[in-house]
Amino acid sequence: MAQEKKFIKFDYNYMMENYIGSEGITEKELVATKMLQKKAVISLKEDRVSNGNMLGWLDLPHNQKDVIRDILSTAKQIRKAEYFVVLGIGGSALGIMSLFQALCHLHHNELKRSKRKAPKFYVEDNIDPERMQALLDIIDLDKTVFNVITKSGSTSETISQFLIIMDMLKEKYGVNAKNHIIATTDETSGNLINIAKKEDLKTFYIPKDVGGRFSVISPVGLFPAAVLGMNIKDILRGCLDMEKSCRKANMFENMALASAVTQYIMYKKGKNISVMMPYADSLKLMADWYCQLWGESLGKAKNLYGETVNVGQTPVKAIGVTDQHSQIQLYTEGPYDKIVTFINVEEYRSKITIPGGYEEFPSVSFLSGHTLNELISSEKKATEYALMKNKRPNRTITLPAVNEYYLGQLMMLMMLETAYMGYFLEIDAFNQPGVEEGKNATYALLGRKGYEAKAKELRSSKPKSQRFIIE
Ligand code: PA5
């Protein structure tokens, strides 16, 4: 890999007072976080080696040798299928969705098999019955392999999808149904592992100390990635290089720490919204993945000491240049409540030149001879400048290119930034009690055994008033 030693870049000039005046961060404010930085780096280091912490994702770049071998040999077979479908939701879906969009052709499923060189790919991360039916309408079961992914093994959405698919497979193939479905789940707990054993399904395991939204570099993301032909070793190499480079307790030498510190100071100054805006369609879903990571990890009611704090920054996704004609107006002139993170790409995988013509119209012909590449990067520069001029904090992550290695770096950077921010906020970034509440209420509504008390609580909740319903 020629570009292996290159690194993604993080530029936060336009977060600073020198550029955006009183809305910006002062040198003094940076210095004031020194102790916080040190504490966060030490805590991460200590928590990483003590049992029971959900920091297993930090070791995935180097501790999966046998898993990778298994993933690659299984993927080689599954690659021959015509359709490959992931059933999963949240952290069990978003990682591979973003890698798929970033690393496969943007119209992968429309390409001829000879160009695609991998199955058509679908991720079913919702239970909208119309969507499920639409999938069933286009796939051919004979040529399809499913990968059901759930860490807990009990998520109603994923298990329902699994039951529907398994029923169809069993009806058609009997005991050979197992040839069409692979499970990815916890090795010892949850329902899916028990079903997988009963049905003799090929199974990949999600380490106990790796939570859903941090699991993209476990078999959750890596197995589908390998089926799609991505170089999963390069993804892990990128992760490892980034992780190693982010161990120092000094934000000027640790990109993830710098990233978290700048978010933290801005959050304390009232910037409650964090916009992630890649200037690349291939990274659109990477913004979704990041939003889940940031939102679900940091939006918490209680801190580590049990006090009510209700913290968290609202993550918002946008896409350049498209949202320049939609959201940027708000970001430039609306409330001073957000920071914008751009993702910039140095070398796009295509280059297209705008042809000449219409010289008599100078406001058209000035575009001729330029490339779309020049246009998109000029627009990005122009937007960050306009935001800066209007005293709107913004920062830029630059990828030399969109490939496995740099995406590995980017994802590790974002996971580490989230972990550091969790330490700064003194909350548990790895649980999701708010999500569990909704899951439990669903179990109760559907009559699951053991949830009778929750069902009673729901039944006794105050009925809705007709006065506030218009028909
Ligand atoms: O990050 C998380 O923990 C969640 O988003 C989960 O990934 C999501 O709820 C799905 O859970 P599971 O993988 O257990 O089905």
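Note that the structure is predicted; figures quoted are calculated from it, not measured. (Residues numbered from 1 in each chain as written. Predicted model: local features only at pLDDT ≥ 70, side-chain atom pairs only at ≥ 80, totals over all residues. Heavy atoms only, no water.)

## Some thoughts on empty space enclosed by the protein
No. 1: Within this structure, the stated rule accounts for one cavity of 30 Å³ or more.
No. 2: Taken as a whole, the largest cavity spans an internal volume of roughly 30 Å³.
No. 3: Around the largest cavity, the lining residues are Ser 259, Met 276, Tyr 290, Arg 395, Ile 397, Leu 413, Met 414 and Glu 417.
No. 4: Every element with two or more residues in the lining of the largest cavity is listed here: β12 (394-401) and α17 (404-425).
No. 5: In terms of residue count, the dominant contributor to the lining of the largest cavity is α17 (three residues).
No. 6: Across the lining of the largest cavity, the residue classes tally to five nonpolar, one polar and two charged. (1 Å grid on protein atoms, 1.4 Å probe; cavity = no way out; pocket = protein on both sides within 12 Å on 5 of 7 lines; lining within 4 Å. Points joined across faces, edges and corners; volume = space filled by probe spheres on them. Helix = DSSP H or I, 4+ residues; strand = E, 2+ residues; numbered from the N terminus. Nonpolar A, V, L, I, M, F, W, Y, C, P; charged D, E, K, R; others polar.)

## With respect to the site of the ligand
No. 1: If you check the shell around the ligand, you find 14 residues, and the closest are Ser 92, Thr 150, Ser 152, Thr 155 and Gln 292.
No. 2: Between the ligand and Gly 91 there is a distance of 2.9 Å, counted from an oxygen atom to a backbone nitrogen or oxygen.
No. 3: Here an oxygen atom of the ligand sits 2.6 Å away from a polar atom, N or O, in the side chain of Ser 92. (Near = heavy atom within 4 Å. Polar contact = N/O pair within 3.5 Å; in protein donor to acceptor, adjacent residues only side chain to side chain.)

## Quick word on the sheet that holds strand β11 (residues 338-347)
No. 1: If you walk across this open sheet you meet the five strands as β1-β12-β11-β7-β10, and the pairing is mixed. Edge positions in the sheet fall to β1 (9-11) and β10 (314-317), since each of these pairs with one other strand and no more. Ignoring strand direction, the axes of neighbouring strands in this sheet form an average angle of 20°.
No. 2: Each of β7 (273-278), β10 and β12 touches helix α13 (residues 284-298); the most contacted strand, β10, lies at about 175° to it.
No. 3: The strands touched by helix α16 (residues 372-389) are β11 and β12; relative to β11, the strand with the most contacts, the crossing angle is about 155°. (Pairing = 2+ DSSP bridges. Axes fitted to C-alpha atoms, helices over the stretch in contact; angles between N-to-C directions. Contact = heavy atoms within 4.5 Å.)

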